[in-house]
Amino acid sequence: MAENNGSPEVNPRPEFRMQKMYIKDLSFENPYAPQVFITPQKTEPKVELNLNMNNKKIDDDHWEVSLQITAKVISKDDDKAMFILEIEHAAVFLLRNIPEEHMEMVLKVDCPTLLFPFTRQIVSQISIDGGFTPFLMEPINFMGLFQSAKKRREAEKQ
């Protein structure tokens with residue numbers, strides 16, 4: 001076993017952890033209340049869901065990763081919005097000694113994969129507090145999104 005004489009490690013161990021989660025922006029609109037609650041719905045509503053991911057370097061070791069979600073639930077019966085929910089949910093991640101070739105995947109796959117279940121829970125609870133049944137978003141395959149975006153970029157280069 002080699003002795004450690006106080007010199008820094010040659011290959012320091014990578015560190016990756018979420019340090020803080022927070023809501024940056026949140027909006028819930030119920031434009032047809034109270035009529036939406038007293039008019040029986042004959043069919044399941046239509047859902048329009050948009051997801052954007054952003055990341056921003058804060059300092060040498062910290063990154064902010066955010067998920068921006070817009071969900072519009074529309075009645076198929078009369079084509080009116082039952083509710084519109086917008087959220088930007090973010091977290092600060094400690095990313096230290098991560099090899100540069102892995103940073104893109106960590107920021108676009110690992111970080112959102114950790115953050116999304118909490119975002120999903122907030123969205124569900126907000127829909128309940130707005131008077132509706134829980135709005136449960138399907139799990140998202142961030143690795144699949146990352147790989148398809150990478151293939152698309154490579155195809156565009158050719």
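Parameters and conventions
- Along each chain, numbering runs from 1 in the same order as the chain's sequence is written.
- In view of the model being predicted, local features appear only for residues whose pLDDT reaches at least 70, and side-chain atom pairs are presented and counted only at 80 or more, with totals across whole chains, interfaces and linings using the full set of residues.
- Note that water and hydrogens are dropped before the side-chain values are worked out from all heavy atoms of the structure.
- Two rings from Phe, Tyr or Trp (for Trp, the six-membered ring) form a pair when their centres sit within 6.5 Å of each other. Planes less than 30 degrees apart are called stacked, planes more than 60 degrees apart edge-to-face, and all others tilted.
- The helix and strand labels rest on DSSP assignments: H or I over at least four residues marks a helix, E over at least two residues marks a strand, and numbering proceeds from the N terminus.
- Per-residue accessibility, obtained with a 1.4 Å probe over protein chains only, is compared with the maximum for each type, and a residue is labelled buried under 20%, exposed over 50%, and partly exposed between these values.
- Two N or O atoms form a polar contact when they lie within 3.5 Å of each other; inside protein one atom must be a possible hydrogen donor and the other a possible acceptor, and for residues adjacent in sequence the pair counts only when both atoms belong to side chains.
- Note on contacts: a residue pair qualifies if any of its non-hydrogen atoms lie within 4.5 Å across the two residues.
- For this analysis, a salt bridge means a side-chain nitrogen from Lys or Arg found within 4 Å of a carboxyl oxygen belonging to Asp or Glu.
- What makes a nonpolar core is a set of buried Ala, Val, Leu, Ile, Met, Phe, Trp, Tyr and Cys residues whose side-chain atoms join them at distances within 4.5 Å.
- Buriedness for pockets is judged along seven lines, at least five of which must meet protein on both sides within 12 Å for an open set on the 1 Å grid over protein atoms alone, while cavities are sets there where a 1.4 Å probe fits but cannot get out, and lining residues have an atom within 4 Å of a point.
- Grid points are joined across faces, edges and corners, and a volume is the space filled by probe spheres set on the points.
- Each residue gets one label: Ala, Val, Leu, Ile, Met, Phe, Trp, Tyr, Cys and Pro are nonpolar, Asp, Glu, Lys and Arg are charged, and the others, such as Gly, are polar.

1. Some details on the packing of aromatic side chains
Scanning the model with the defined rule gives seven aromatic pairs in all. When the centroid spacing of 6.4 Å and the interplanar angle of 55° are considered together, the rings of Phe 28 and Phe 132 count as tilted. Taken together, the residues Phe 28 in strand 1 (residues 15-29) and Phe 132 in the loop between helix 2 (100-129) and helix 3 (142-157) connect sequence positions 104 residues apart. A relative accessible area of 13% places Phe 132 in the buried class. Where Phe 83 meets Phe 135, the ring centres are 5.9 Å apart and the plane angle is 90°; that geometry is what we call edge-to-face. Taken together, the residues span a long stretch of sequence, with Phe 83 in strand 4 (residues 81-96) and Phe 135 in the loop between helix 2 and helix 3 at a distance of 52 residues. When sorted by exposure, Phe 83 lands in the same class as Phe 135, which is buried. Feature note: the residues Phe 28, Phe 37, Phe 83, Phe 132 and Phe 135 constitute an aromatic cluster, connected by ring pairs.

2. Here we look at the side chain of His 62
The residue His 62 is located in strand 3 (residues 62-74) in this model. The exposure class of His 62 is buried, given its relative accessible area of 18%. Of note is the side chain of His 62, whose polar atom sits 2.8 Å from the side chain of Gln 19. Apart from residues no more than four positions distant in its own chain, His 62 is found in contact with Gln 19, Lys 56, Lys 57, Val 92, Phe 93 and Leu 94.

3. Describing the pattern of salt bridges
Taken as a whole, this structure holds seven salt bridges when the rule is applied. A salt bridge links Glu 64 to Lys 24, with the shortest nitrogen-to-oxygen separation between them at 3.2 Å. Here Glu 64 is found in strand 3, whereas its partner Lys 24 is found in strand 1, with 40 residues between them in sequence. The class of Glu 64 is buried, set by a relative accessible area of 9%. Judged by its relative accessible area of 40%, Lys 24 falls in the partly exposed class. With a shortest N-O distance of 3.2 Å, Arg 153 and Glu 104 are connected by a salt bridge. On the criterion of sequence distance, the pair formed by Arg 153 in helix 3 and Glu 104 in helix 2 is long-range, its members being 49 residues apart. What emerges from the salt-bridge pattern is a single network uniting Glu 15, Arg 17, Asp 61 and Arg 96.

4. Some points on the nonpolar core
Counting 29 residues, the largest nonpolar core has Leu 95 and Phe 135 as its most contacted members. Mapped onto this core, the elements with two or more residues apiece are strand 3, strand 4, helix 2 and helix 3. When neighbours within four sequence positions are excluded, Phe 135 is seen to be in contact with Val 47, Leu 49, Ala 71, Val 73, Phe 83, Val 123, Ser 124 and Ser 127.

5. Quick look at the layout of surface pockets
Estimates place the volume of the largest pocket at around 320 Å³. Lining the largest pocket are 16 residues, and of these Pro 45, Val 73, Met 82, Phe 132 and Thr 133 lie nearest its centre. Among the elements of the structure, helix 1 (35-38) and strand 4 are those that each provide at least two residues to the lining of the largest pocket. For the lining of the largest pocket, the per-class residue count stands at eleven nonpolar, four polar and one charged. The space that makes up the second largest pocket amounts to roughly 190 Å³. Lining of the second largest pocket is provided by 14 residues; of these, Met 53, Lys 108, Leu 145, Phe 146 and Ala 149 occupy positions nearest its centre. In terms of residues, the lining of the second largest pocket owes the most to one element, helix 3, which gives six residues. The class makeup of the residues in the lining of the second largest pocket is eight nonpolar, three polar and three charged.

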